[in-house]
Amino acid sequence: MTKRVVLIGHPVERSLSGVLQQACFDALAIDATYEPLDRLLIDLPETIGSLRHDEFLGANITVPYKERVVPMLDRLTEEAQQTGAVDTITREGTRLVGHNTDVLGFRPALDALVGKQKMPKLAVVLGAGGGARAVVYGLITAGFQRIIVFNRHLHRAENLVRHFARSAAHMELRAMPWHESVIEAELAKAKLLVNASSIGRQPDESPVSAELLPAEIMVLDLLYQPSETRLMREAKASGASAVAGGDLMLIHQGAAAFQLWTGSPAPLDLLRDRLEEARGGFGSHSRDGGRDGEAEPATAAPGGPSA
Ligand code: NDP
């Protein structure tokens, strides 16, 4: 029987995971399909329940359901518990297990961004959704001492901070209102900015104005777009010390999920190649992380080609 993996979210059409995962199934001759399932919140419990059947290897969960699915599962892994967010589901018999592979994808992306520089200790995170939870967990475990989370709806950032109260007890983790003056003051102190909000999908859209970006800051934009986001372009123009997009996180997150469903390591080179093909050959291997995992130096021409 052909096995199924589904991507559950709303919307799901922007996701590149299908192209990547299907290429890996085919390359390893695994008889499985990867299908997007656009579901409204009201249909989520039934959709998650259907994953208990034999035909499913599991699922990916995407925007905006990573936190919503948590109570619908039978067991959570350490990363899923720690973050309170699930992006991958596997099946143990009829039991459903929730994993957080964003966490596993974030760390290589952070390491590649920082490269040979010293790991910073002060970060600003924009966004407080499922992706931001993986980021905050990754920063805490990477030894950050101060993390400020800004979110459009402050209460969501406050919930995030409450969720991490225990694991962040030794350091400063705070939620702050999304006001330019507050963001500017915090960016002036920070060494790393991570955009984990959905803002930036349009080429002319950025979560922060260029004037707020201090020189020498490192910028990681989780969005994976056909070309550099406005935030990435403006960070380079402002003299950021390193800039990267979400590709490397996506690749490592996808590889981890593939291995969870199939038991086989994912072909990373194939994932990288398919990601580039899927975006029409835009960018080169060095775009954000490259084959050797090094972040692109921020001295590249601002606004130039993403290669
Ligand atoms: P969620 O839906 O859980 O969260 C979305 C976040 O974006 C929230 O903080 C939300 O704020 C904010 N947001 C959305 N629209 C606006 C807006 N118009 N103005 C201000 N804030 C807004 O999504 P995820 O956390 O899962 O994903 C967030 C982004 O990160 C997505 O673009 C996703 O593709 C990317 N991502 C990339 C990954 C990778 O592998 N590269 C991995 C995970 C995520 P509010 O709470 O106020 O609505």
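## Re the overall build of the protein
When helices and strands are counted, the protein shows 10 helices and 12 strands. Its C-alpha atoms give the protein a radius of gyration of 19 Å, near enough to 19 Å, the size a compact globule of 307 residues would have. Viewed in the frame of its principal axes, the protein has a C-alpha envelope of about 55 × 40 × 30 Å. For the protein, with 307 residues in total, the buried portion stands at 52%. Accessible surface computed for the protein: about 12900 Å², of which carbon and sulfur atoms make up 52%. Across the protein, the centroid of the 32 positively charged side chains sits 5 Å from that of the 38 negatively charged ones.

## A word on the sheet that holds strand S7 (residues 122–126)
A sheet is described by the order of its strands in space; here six strands give the open sequence S9-S8-S7-S10-S11-S12, paired in parallel fashion. The two strands at the open ends of the sheet, each matched to only one other strand, are strand S9 (172–177) and strand S12 (242–244). Between one strand axis and the next, the sheet turns through 15 degrees on average, direction left out of account. When S7 meets strand S10 (residues 192–195), the two strands line up parallel, connected through four bridges. Each bridged residue has a counterpart across the sheet, and for Leu 126 the counterpart in S10 is Asn 195. Sheet strands in contact with helix H4 (residues 101–114) are S10, strand S11 (218–221) and S12, and its direction is about 145 degrees off that of S11. Against the sheet, helix H7 (residues 180–189) contacts S7, strand S8 (146–151), S9 and S10, and its axis sits at roughly 155 degrees relative to S8.

## A look at the site of the ligand
Near the ligand, the surroundings consist of 24 residues, among which Gly 131, Asn 151, Arg 152, His 153 and Leu 223 are the closest. Between Gly 130 and the ligand, the recorded distance is 3.1 Å, taken from a backbone N or O atom to an oxygen atom. The side chain of Arg 201 places a nitrogen or oxygen atom 3.4 Å from an oxygen atom of the ligand. In isolation the ligand exposes 910 Å². Once the protein is present, 85% of that is buried.

## Considerations on unusual backbone geometry
Here the bond from His 10 into Pro 11 is cis, since omega is 5 degrees, no more than 30 degrees from zero. Secondary-structure assignment places Pro 11 in the loop between strand S1 (3–9) and helix H1 (17–27). Positioned with a positive phi, Ala 29 is a non-glycine residue whose angle comes to about 55 degrees. Mapped onto the elements, Ala 29 comes out in the loop between H1 and strand S2 (32–38). Taking the relative accessible area as the measure of exposure, Ala 29 reaches 70% and is therefore exposed. Positive phi values are uncommon outside glycine, yet Glu 216 reaches one of about 75 degrees.

## Observations regarding the sheet that holds S2
Judged by pairing direction, the sheet is mixed, and its six strands sit side by side in the order S2-S1-S3-S5-S6-S4 without closing on themselves. Each edge of the open sheet is held by one strand with a lone partner, namely S2 and strand S4 (75–76). Sheet analysis places strand S5 (residues 88–92) next to strand S6 (residues 95–99), joined by five bridges and oriented antiparallel. Following the sheet pairing, Thr 88 is matched in S6 by His 99. Most of the contacts of H1 go to S2, to which it runs at about 165 degrees, and overall it touches S1, S2 and strand S3 (56–61).

Here is what the cut-offs are and how they apply
- Residues numbered from 1 in each chain as written.
- Predicted model: local features only at pLDDT ≥ 70, side-chain atom pairs only at ≥ 80, totals over all residues.
- Heavy atoms only, no water.
- Helix = DSSP H or I, 4+ residues; strand = E, 2+ residues; numbered from the N terminus.
- Rg over C-alpha atoms; globule rule 2.2 N^0.38 Å.
- Buried < 20%, exposed > 50% of the residue type's maximum accessible area, 1.4 Å probe, protein only.
- Areas by Shrake-Rupley, 256 points an atom, 1.4 Å probe, with all protein chains shown as cover.
- Lys, Arg positive; Asp, Glu negative; His and termini not counted.
- Charge placed at Lys NZ, Arg CZ, Asp CG, Glu CD.
- Pairing = 2+ DSSP bridges.
- Axes fitted to C-alpha atoms, helices over the stretch in contact; angles between N-to-C directions.
- Contact = heavy atoms within 4.5 Å.
- Near = heavy atom within 4 Å.
- Polar contact = N/O pair within 3.5 Å; in protein donor to acceptor, adjacent residues only side chain to side chain.

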